[in-house]
Amino acid sequence: MGGFDPTVIYIVVAAVVDVILLLCCLYYVKFKPGKQFYGKPVVPPGQDPKEFALNELQAAFDSKNPGRYAGALELALEVKVDMSKIPCVYSLQKNPKTFTIPKVQRGPSVVTAQLCFILDYTGSMKEQIAQAEQSCRKIVEAVRAFKFAHMPDATVDLEMAAVGYNDWDDKTASLKRPVVFAYGGKEIMSRHDPNMSLDEFNLGGKFTKDTDEIMKWIKQPLGNGGAVPEELTGALLAATHLPWSAQERLAVVITDAPCHGKAYSGESHDEFCDKETGLTCTGTPEVPLLKLGEQNVQVVIMHTGSSGATKMCQKLLQTSPTMIHEKVTPSQTADRLVTAMDKKLQVPPLTYVLKPFTQQGLVDVAVNHELELQLGSEATKHRVGHDGLLWVGKPSSKPKVSVKRPAHAGLDEWWEQAAEEPVELPYSFDPDAIYTLTMPLKKKEVQMDTNAGNAV
């Protein structure tokens, strides 16, 4: 008989080692709660879940362990820990669409542009509607004098459209005002029906170059609106059916109220809304917003800064991070609209997103960036590492954050190296919050760049 085959012995030993390692892992998971690197920790028997979650969060924060922090945060949100007690951690990410070095184009050319006003016509909007009417003239004048940084000899061919909206309340119906209506298209005058098809919000509509005609249409009577939330979602649906075709496309919402839906504001809802969700037959606003995104339409929401409108915008940014929202007073509306149109036509600013770090994966992390964190009168500088995280903690006052990017020859030709202004973060942890920091285009003479047009 021959001796033992060494290969067989090796296989047996390897199998035994694998079994031992597996048993060790199982033991570790079962009997070492709270120590998993990724995933939600298990609360030990007899221990208060909130206290345990906070201790895990603090330990993860102190050791700067992203995986442990994310797992502990999942548990903390599940057991409803007081948000003010959660040590805040933020991730800094690039908006990749803005990080493309422009290619300079010389010679006469025409850039087509389309602008759609989406206007709230409820009773409190008199001043804003008047400002929207004035904006038409200002925008046309600004576009005529517009100069592209990367296309110095180009001109703009602008068309405008408009969609208006009220709500389904009895007072608006008695005033014979439509719920949703489109310039050059149809209108919805019916009462609310939860079974109404979304196809009915295809109202047609058109774009026009006739400024006087669109101004005349905008100057319409107001409705009432009922409770605070209005039928913005229906107006967004109508806007998706416009004949978008231009190279540059912009839809600007002007409102002082949130859309329907209890997830978008804490406002009281009308009787016709779904009792559980607060939604109407038009559903959630994310659906038309995503559709407009697919149509390459930049959406801007200009609101008066009410808590409901602000919360709505923060919620919508979760699924439409390129959406822009801005608080404006009625007297600022016209000028801000011109600025929004200018930004859409011009090379966009470099854009970063700062948001609370959660279990979700990080993409386009902004590594090696310098952040300045200001807490009251004290300012500290931080360098974002490979994980793109800013460890703030539990601030005693609302922190302000500004960002400075590393030097880059291509980017430095076009954009400033520091953000336009800092963003103010909340005192307490807010898992739904998203903040935008931008680095503006440099004001300089256009230089021919043979290496332009590259993504960075």
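Please read all numbers here as calculations on a predicted model, not as lab measurements.

*Asks:* Would you mind going over the nonpolar core with me for this structure?
*Replies:* General note: in soluble globular proteins, nonpolar side chains tend to be found buried as a group. Within the largest apolar cluster, 49 residues are counted, with the highest numbers of intra-cluster contacts made by Tyr69, Ile86, Leu92, Leu354, Val401 and Leu437. With 6 residues, the top contributor of residues to this core is helix H3 (residues 66-78). Discounting residues that sit within four places of it in the chain, Val401 has contacts with Leu354, Leu371, Glu372, Leu373, Leu390, Pro422, Val423, Leu425 and Leu437. In this structure, Ala161, Val180, Ile188 and Tyr264 belong to the second largest nonpolar core, which totals 40 residues.

*Asks:* I keep staring at the sheet that holds strand E9 (residues 350-356) and nothing clicks. Help me out?
*Replies:* One key point about sheets: their strands pair by backbone hydrogen bonds, in either a parallel or an antiparallel sense. The strand order across the open sheet built from 4 strands is E12-E1-E9-E15, with neighbouring strands paired in antiparallel fashion. Each edge of the open sheet is held by one strand with a lone partner, namely strand E12 (389-393) and strand E15 (435-439). Direction aside, the axes of adjacent strands within the sheet are offset by 25° on average. Pairing between strand E1 (residues 88-94) and E12: 4 bridges, direction antiparallel. Residue pairing for E12: Tyr90 is matched across the bridge by Leu390.

*Asks:* Explanation requested: the pairing of strand E3 (residues 154-165) in the structure shown.
*Replies:* Along a regular strand, successive side chains alternate from one face of the sheet to the other. Judged by how many residues are buried, E3 sits mostly within the fold: 9 of 12 residues are covered. A crossover connection joins strand E2 (residues 109-120) to the parallel E3 through helix H4 (residues 126-144); in handedness this β-α-β unit is right-handed. When E3 meets strand E4 (residues 180-182), the two strands line up antiparallel, connected through 3 bridges. When the bridges of E4 are listed, Val163 appears paired with Ala182.

*Asks:* What is the right way to read the packing of aromatic side chains from this model?
*Replies:* Both the distance between ring centres and the angle between the ring planes are used here to describe each pair of aromatic rings. Evaluated as defined, the whole model comprises 10 aromatic pairs. Ring centres 6.5 Å apart and planes at 80° place the aromatic pair Trp168 and Phe201 in the edge-to-face group. Taken as a pair, Trp168 in the loop between E3 and helix H5 (170-174) and Phe201 in the loop between strand E5 (187-188) and helix H6 (211-218) lie far apart in primary sequence, 33 residues in all. Residue class for Trp168 comes out buried when judged on its relative accessible area of 3%. Residue Phe201 is classed as buried on the basis of its relative accessible area of 0%. Pairing Tyr183 with Trp217 gives two aromatic rings, centres 6.0 Å apart and planes at 85°, and the pair type is edge-to-face. In this pair, Tyr183 is assigned in the loop between E4 and E5 and Trp217 in helix H6, connecting sequence segments 34 residues apart. The pair Tyr183 / Trp217 is uniform in exposure class, with both members buried.

*Asks:* Looking at this structure, how should I read the confidence of the model for the chain?
*Replies:* Parts of the model with low pLDDT should not have their predicted coordinates read in detail. Confidence in the prediction of the chain, expressed as mean pLDDT, is 88, and 88% of residues score 70 or more. Scored below 50 in pLDDT, residues 446-451 makes 12 contacts in the model with residues more than four places away or belonging to other chains.

Cut-offs applied
- Counting from 1, residues in each chain are numbered in the order their sequence is written.
- Residue-level local features of this predicted model are given only where pLDDT is at least 70; pairs of side-chain atoms are given and counted only at 80 or more, and the full residue set underlies all totals for whole chains, interfaces and linings.
- The basis for every side-chain value is the complete set of heavy atoms in the structure, and neither hydrogens nor water enter the calculation.
- The definition of a nonpolar core used throughout is a set of buried Ala, Val, Leu, Ile, Met, Phe, Trp, Tyr and Cys residues joined through side-chain atoms within 4.5 Å.
- Throughout this description, buried means an accessible area under 20% of the type-specific maximum (1.4 Å probe, protein chains only), exposed means over 50%, and partly exposed covers the range between.
- By the criteria applied, helices consist of DSSP H or I runs no shorter than four residues and strands consist of E runs no shorter than two, each listed in order from the N terminus.
- What makes two residues a contact is simply this: any of their non-hydrogen atoms within 4.5 Å.
- For two strands to be treated as a pair, DSSP must find no fewer than two bridges joining them.
- Only the contacting stretch of a helix is used when fitting its axis, a line to C-alpha atoms as for every element, and angles between N-to-C directions run 0 to 180 degrees.
- Call a crossover right-handed when, viewed with both strands pointing away from you, the route from the first strand across the helix to the second goes clockwise.
- Put simply, two rings from Phe, Tyr or Trp (the six-membered ring, in Trp's case) pair if the centres are within 6.5 Å, and we call them stacked under 30 degrees between planes, edge-to-face over 60, tilted for the rest.
- Along the chain, pLDDT gives the predictor's confidence residue by residue, from 0 to 100.

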